[in-house]
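Read off the chains here:
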Amino acid sequence: MREASPVTLVVVATEPAEVFGLVRLVVAETRAHLRAAFPPASLPTLRIVLDETGAIAAAAGVDAVGDSTEVAIRVAGGRVALRSSGLAACAAAALHEPNAQR
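So, here's what we can say about the structure. Here the structure is a predicted model, which means the values were calculated and not measured.

### Section: the overall build of the chain
And step 1. On a plain count of helices and strands, the chain comes out with 3 helices and 4 strands.
And step 2. Starting at the N terminus and ending at the C terminus, the chain contains elements arranged as β-α-β-α-β-β-α.
And step 3. Each of the three principal axes of the chain carries a C-alpha extent, and together these read 40 × 35 × 25 Å.
And step 4. Taken over 102 residues, the chain has a buried fraction of 17%.
And step 5. Counting only contacts in the chain whose residues sit at least 6 apart along the sequence, the fraction spanning at least 24 positions is 43%.
And step 6. Per element, the accessible surface of the chain, about 7,600 Å² overall, is 57% carbon and sulfur.
And step 7. Across the chain, the mean location of the 9 positive side-chain charges is 12 Å away from that of the 10 negative side-chain charges.

### Concerning the nonpolar core
And step 1. Core analysis: the largest hydrophobic core is formed by 5 residues, namely Val11, Ala13, Phe20, Val23 and Val27.
And step 2. Looking at this core, the element that brings in the most residues is helix 1 (residues 16-37), giving 3 residues.
And step 3. Leaving out residues up to four positions away in the same chain, Val23 has contacts with Val11 and Leu50.

### Considerations on the pairing of strand 4 (residues 79-85)
And step 1. The pairing of strand 3 (residues 71-76) with strand 4 spans 6 bridges and is classified as antiparallel. The residue of strand 4 that forms the bridge with Ala72 is Ser84.

### Some words on helix 1
And step 1. With 22 residues, helix 1 extends 31 Å between its outermost C-alpha atoms, agreeing within 8% with the 32 Å of an ideal straight helix rising 1.5 Å per residue.
And step 2. Those residues of helix 1 lying buried are Pro16, Phe20, Val23 and Val27. The buried residues of helix 1 all sit within an arc of 50° when viewed along its axis, so they share a single face. Turned more than 90 degrees away from the buried face of helix 1, the exposed residues are Glu18, Leu22, His33, Ala36 and Ala37.
And step 3. Along its buried surface, helix 1 packs onto strand 1 (7-11) and strand 2 (46-50).

### Regarding the environment of Val19
And step 1. In this fold, Val19 is placed in helix 1.
And step 2. By relative accessible area, which is 23% here, Val19 ends up partly exposed.
And step 3. A C-alpha to C-alpha distance of 21 Å links Val19 and Ala60, two positions 41 residues apart in sequence.

### Things to note about unusual backbone geometry
And step 1. A positive phi angle is found at Ala88, which is not glycine, with a value near 70°.
And step 2. Checked against the element boundaries, Ala88 lands in the loop between strand 4 and helix 3 (89-95).

So, how was this worked out
- Residues numbered from 1 in each chain as written.
- Predicted model: local features only at pLDDT ≥ 70, side-chain atom pairs only at ≥ 80, totals over all residues.
- Heavy atoms only, no water.
- Helix = DSSP H or I, 4+ residues; strand = E, 2+ residues; numbered from the N terminus.
- Buried < 20%, exposed > 50% of the residue type's maximum accessible area, 1.4 Å probe, protein only.
- Contact = heavy atoms within 4.5 Å.
- Areas by Shrake-Rupley, 256 points an atom, 1.4 Å probe, with all protein chains shown as cover.
- Lys, Arg positive; Asp, Glu negative; His and termini not counted.
- Charge placed at Lys NZ, Arg CZ, Asp CG, Glu CD.
- Core = buried A, V, L, I, M, F, W, Y, C linked by side-chain atoms within 4.5 Å.
- Pairing = 2+ DSSP bridges.
- Expected span 1.5 Å × (residues − 1).
- Arc of directions from axis to C-beta.

Interpretation note: all reported values are geometric properties and have no functional meaning in isolation.
What follows is the structure, given as structure tokens:
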């Protein structure tokens, strides 16, 4: 089994005061279920950043941000190894092997 890579989840919303509380709730509940179902070593370290101003998204090259925007960036060796956007963008980044030969 390969080691889980650390994950940073950056959330940007048009109504941060309304959405960020829900994000915290959903992540806490999901974590509890995952911890009950999987050994701790198999779960990645998760850092959640609530980006009220959209500065992190802008720095990552995401120029249009809305509540339905989904963008994932996979970083390997300090460089962007994959950029994906749209539905299932996060799944694409999670499944990507940064050292795979193509």
